[in-house]
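Letter by letter, the chains look like this.
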Amino acid sequence: MNHAWTVRQRPARLERRLEFPDYESTRDFLDRAASLSEQAGIFPDISFGRTYVNITLHAEDNTTEVGEPLAHFARELDALLGSEKTLDD
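Criteria and cut-off values
Residues numbered from 1 in each chain as written. Predicted model: local features only at pLDDT ≥ 70, side-chain atom pairs only at ≥ 80, totals over all residues. Heavy atoms only, no water. Helix = DSSP H or I, 4+ residues; strand = E, 2+ residues; numbered from the N terminus. Buried < 20%, exposed > 50% of the residue type's maximum accessible area, 1.4 Å probe, protein only. Areas by Shrake-Rupley, 256 points an atom, 1.4 Å probe, with all protein chains shown as cover. Expected span 1.5 Å × (residues − 1). Arc of directions from axis to C-beta. Phe/Tyr/Trp six-rings, centres within 6.5 Å; stacked < 30°, edge-to-face > 60°. Lys NZ or Arg CZ within 6 Å of the ring centre and 35° of its normal. Core = buried A, V, L, I, M, F, W, Y, C linked by side-chain atoms within 4.5 Å.

Draft legend 1. Examining the overall build of the protein chain more closely. Of regular secondary structure, the protein chain possesses 2 helices and 4 strands. In sequence order, the protein chain lays out its α and β elements as β-β-α-β-β-α. The burial tally for the protein chain puts 36% of its 89 residues in the buried class. Accessible area of the protein chain: about 5,700 Å², with a carbon and sulfur share of 47%.

Below, the structure written as structure tokens:
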């Protein structure tokens, strides 16, 4: 798991904040994340502004920890950043 993801409890979830240099970079990431969500069938809570994105991945209902499917999805989101410059890299 990338160190940038934070594991939270009550409820179990993964969280990450990304900062981008400009709106175009933010929008590009959001578009690619939306495509990935559609493919994976996982739909995180996302909030964003002009140069940042907050992502929360919630564990399945009635579970107390984040499972491998969400951890894998988090890694796939991280991979989207490989070609995208962020300010927190």
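Draft legend 2. Quick look at helix α2 (residues 68–80). Between its first and last C-alpha atoms α2 spans 19 Å; for 13 residues at 1.5 Å apiece the expected length is 18 Å, and the two agree. Residues Leu-70, Ala-71, Phe-73, Ala-74, Leu-77, Asp-78 and Leu-80 constitute the buried set of α2. Taken end-on, α2 shows its buried residues confined to a sector of 160°, consistent with a single buried face. Along α2, the residues that are exposed and aim more than 90 degrees away from the buried face are Pro-69 and Ala-79.

Draft legend 3. Representation of the packing of aromatic side chains within the structure. Scanning the model with the defined rule gives 1 aromatic pair in all. Judged by centre distance (5.5 Å) and plane angle (35°), the ring pair of Phe-20 and Phe-29 falls under tilted. With a relative accessible area of 1%, Phe-20 lands in the buried category. With a relative accessible area of 1%, Phe-29 lands in the buried category. Between the NZ or CZ atom of Arg-17 and the centre of the ring of Tyr-52, over which it lies, the distance is 4.2 Å.

Draft legend 4. Structural detail: unusual backbone geometry. The step from Arg-10 to Pro-11 runs through a cis peptide bond, and the omega angle for that step is -5°. Checked against the element boundaries, Pro-11 lands in the loop between β1 (6–8) and β2 (13–19). With phi around 55°, Arg-10 is a residue other than glycine that occupies positive phi space. Along the chain, Arg-10 falls in the loop between β1 and β2. Look at Arg-10 and you get exposed, because its relative accessible area is 82%.

Draft legend 5. A look at the nonpolar core. Counting 18 residues, the largest nonpolar core has Trp-5, Phe-29, Ile-55, Leu-57 and Leu-77 as its most contacted members. For this core, the secondary structure elements donating two or more residues are β2, α1 (23–40), β4 (52–58) and α2. Top element by residues in this core is α2. It accounts for 5 residues.

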